Amino acid sequence: MANLLRLLLSVAEKAANVARVCRQEAPLFELLVQEKTGADKNKKFVQDFKTLADVVIQEMIRHDVCAQFPELNGFIYGEESNKFENGHGESVTVTVCAKQEDTTALLAKVLDGDGTAASLLAEAIHQKLQLKDELAEKLKLPLKPEDLAIWIDPIDGTSQYIQGKDREVSDNEFCPSGLPCALVLIGVYMRDTGEPVMGVINQPFTRKDSTGKRWQGRYFWGVSYQEINLCSFTPCQRPDGKTPDSLSVVLSSSEKQEVKDALLPLCDGQLTYASGAGYKVLCVIQGLVDMYVLSEGSTYKWDSCAPHAILRALGGGICDLSQCLSAVRNGNKDLRAELTYNNPHAGCQGAEQWANQGGLVAYLDSSVLSRVVEALADKI
Ligand SMILES: O=P(O)(O)O[C@H]1[C@H](O)[C@@H](O)[C@H](OP(=O)(O)O)[C@@H](OP(=O)(O)O)[C@H]1O
Ligand SMILES: [Mg+2]
Ligand SMILES: [Mg+2]
């Protein structure tokens with residue numbers, strides 16, 4: 001099943017190319033950033049182009065993965081719905097066709113006949129790309145495609161992607177907002193248990209090339225299954241191997257004041273904020289912060305599955321915050337209420353079925369998890 005990882009790395013890179021093309025090619029960029037004003041207000045294609053970029057990426061990943069692994073057909077889920085209505089009120093289902101010209105024609109229909117934009121997108125979707133990753137090439141995995149399912153967040157941090165604030169990051173640099181916070185997330189989980197086993201994160205906008213005009217990205221992957229725990233990079237280690245007294249915690253800027261108040265004493269009065277749910281988990285993965293805490297159910301399975309698998313490969317995880325708080329309040333020391341990915345919430349509709357309703361805590365070190373949850377259980 002290492003073939004699946006290799007394929008996901010390639011499709012995530014293609015997804016990053018589509019994301020970059022939408023910002024780099026003028027006909028697409030204009031659609032992406034166009035404001036809904038005046039006469040254009042009712043033109044659906046303008047309003048929906050942001051979503052179209054997301055949908056196109058999701059459908060491309062689904063198409064490429066199913067072509068190689070037909071067993072995954074019907075088991076690849078994503079944030080977006082592929083049904084669109086264009087400016088003439090026609091309903092169009094966005095799919096990737098076998099031939100590039102057919103995809104162009106389909107996209108032109110969604111884009112109200114804008115052939116230039118449609119062919120630029122179709123070209124990026126049908127690009128043949130094979131990414132070579134030395135470690136992934138050597139990997140052997142005892143997983144079967146018929147046991148697996150996939151969550152895709154085609155672009156996490158869409159608001160940062162659209163706003164497009166240029167900001168480059170070096171290898172171990174924290175970035176509170178801007179294009180580097182927009183990520184492609186592909187997470188693989190076990191159909192029967194919902195356990196995340198493989199994650200690919202592609203950051204399409206990391207730094208500019210030597211011309212200063214084109215963006216270059218980078219990627220991270222991790223696999224955690226039975227005794228195999230492997231990732232694409234060397235985890236960051238503290239020089240003395242000890243957890244410091246003062247912790248660093250990253251939060252959403254919309255986090256509740258009482259949560260911030262409860263965490264401040266653990267963090268020496270200093271909290272950190274960043275955009276994008278996936279990017280905040282990536283900060284934990286990279287060891288840039290000790291933990292990501294979110295008290296609201298505002299993330300979804302597609303946000304957390306990929307980075308969760310990578311954290312598990314590093315010995316960490318993502319727990320349901322409300323379950324951890326209940327465990328502490330009931331005197332239970334075992335906090336490991338890890339998120340799972342296979343069960344929708346009963347009685348909920350649409351995206352809410354897949355919300356991480358109890359909030360979450362992403363961690364690398366379980367002793368840090370206990371300290372943070374105990375502090376929160378006392379105060380919120
Ligand atoms: O961009 P999409 O794929 O829709 O995913 C969003 C997540 O679902 C939200 O939870 C994130 O908001 P917070 O970072 O405030 O939790 C949100 O982060 P943002 O509000 O900083 O952009 C996104 O990560
Ligand atoms: Mg998201
Ligand atoms: Mg998204």
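That block above? That's the structure.
Residues numbered from 1 in each chain as written. Chains lettered and ligands numbered in written order. Predicted model: local features only at pLDDT ≥ 70, side-chain atom pairs only at ≥ 80, totals over all residues. Heavy atoms only, no water.

1. Here's the deal with the packing of helix H4 (residues 100–110) against helix H5 (residues 115–125)
In a pair of packed helices, the angle between the axes and the distance between the axes together describe the arrangement.
At step 1: Viewed as axis vectors pointing N to C, H4 and H5 meet at an angle of 135°, and their least axial separation amounts to 8 Å. Considered as vectors, H4 and H5 are oriented oblique to each other. Both H4 and H5 take part in a crossing whose hand is right-handed. Listed contacts from H5 to Gln 100, Thr 103, Thr 104, Leu 107 and Ala 108 of H4 are Ala 118, Ser 119, Leu 121, Ala 122, Glu 123 and Ile 125.
At step 2: Grouping the amino acids of the contact of H4 with H5 by side-chain chemistry returns six nonpolar, four polar and one charged. (Axes fitted to C-alpha atoms, helices over the stretch in contact; angles between N-to-C directions. Helix = DSSP H or I, 4+ residues; strand = E, 2+ residues; numbered from the N terminus. Parallel < 35°, antiparallel > 145°, perpendicular 65-115°, else oblique. Left-handed = near helix turned anticlockwise from the far one by under 90°. Contact = heavy atoms within 4.5 Å. Nonpolar A, V, L, I, M, F, W, Y, C, P; charged D, E, K, R; others polar.)

2. Overview of the packing of aromatic side chains
At step 1: Counted by the stated rule, this structure contains nine aromatic pairs.
At step 2: Feature note: the residues Tyr 77, Trp 151, Tyr 300, Trp 302 and Trp 354 constitute an aromatic cluster, connected by ring pairs.
At step 3: We note Arg 191 situated over the ring of Phe 75; from NZ or CZ to the ring centre the distance is 3.3 Å.
At step 4: The lysine or arginine in question, Lys 301, covers the ring of Tyr 341, its NZ or CZ lying 5.3 Å from the ring centre. (Phe/Tyr/Trp six-rings, centres within 6.5 Å; stacked < 30°, edge-to-face > 60°. Lys NZ or Arg CZ within 6 Å of the ring centre and 35° of its normal.)

3. Considerations on empty space enclosed by the protein
At step 1: Overall, the coordinates contain one cavity of 30 Å³ or more when judged by the stated rule.
At step 2: What the largest cavity holds in volume is close to 40 Å³.
At step 3: Every residue lining the largest cavity is listed: Ala 277, Val 281, Tyr 292, Thr 299, Asp 303, Ser 304, Ile 318, Asn 356 and Leu 360.
At step 4: Every element with two or more residues in the lining of the largest cavity is listed here: helix H9 (277–285) and helix H10 (301–313). (1 Å grid on protein atoms, 1.4 Å probe; cavity = no way out; pocket = protein on both sides within 12 Å on 5 of 7 lines; lining within 4 Å. Points joined across faces, edges and corners; volume = space filled by probe spheres on them.)

4. Describing the nonpolar core
At step 1: Judged by nonpolar contacts, the single largest core of 70 residues is most densely connected at Leu 4, Leu 8, Ile 61, Val 65 and Tyr 161.
At step 2: For this core, the leading source of residues is helix H1 (residues 2–24), giving 13 residues.
At step 3: Filtering out sequence-adjacent residues up to four positions away, Val 65 remains in contact with Leu 4, Leu 7, Leu 8, Val 11, Leu 72, Ile 76 and Ile 150.
At step 4: Of all hydrophobic cores here, the second largest spans 38 residues; its members include Cys 175, Ala 274, Cys 283 and Trp 354. (Core = buried A, V, L, I, M, F, W, Y, C linked by side-chain atoms within 4.5 Å. Buried < 20%, exposed > 50% of the residue type's maximum accessible area, 1.4 Å probe, protein only.)

5. A few points about helix H11 (residues 321–329)
At step 1: Within H11 the residues assigned to the buried category are Leu 321, Cys 324, Leu 325 and Ala 327. End-on view of H11: buried residues confined to an arc of 160°, all on one side of the axis.
At step 2: Immediately downstream of H11, the backbone of Gly 331 shows phi near 75°, a positive value. (Arc of directions from axis to C-beta.)

6. A word on the coordination of the magnesium ion (ligand 2)
At step 1: Every protein donor of the magnesium ion (ligand 2) is listed here as Asp 153 (OD), Asp 156 (OD) and Asp 303 (OD), and their distances to the metal cover 2.0 to 2.1 Å.
At step 2: We note that the donor set of the magnesium ion (ligand 2) lies within a single chain, spaced as D-x2-D-x146-D.
At step 3: A separation of 3.6 Å is found between the magnesium ion (ligand 2) and the magnesium ion (ligand 3), both of which receive a donor from Asp 153.
At step 4: Take Asp 153: its relative accessible area is 0%, and that puts it in the buried class. (Donors = N, O, S within 2.8 Å, 3.2 Å for Na, K, Ca; no water.)

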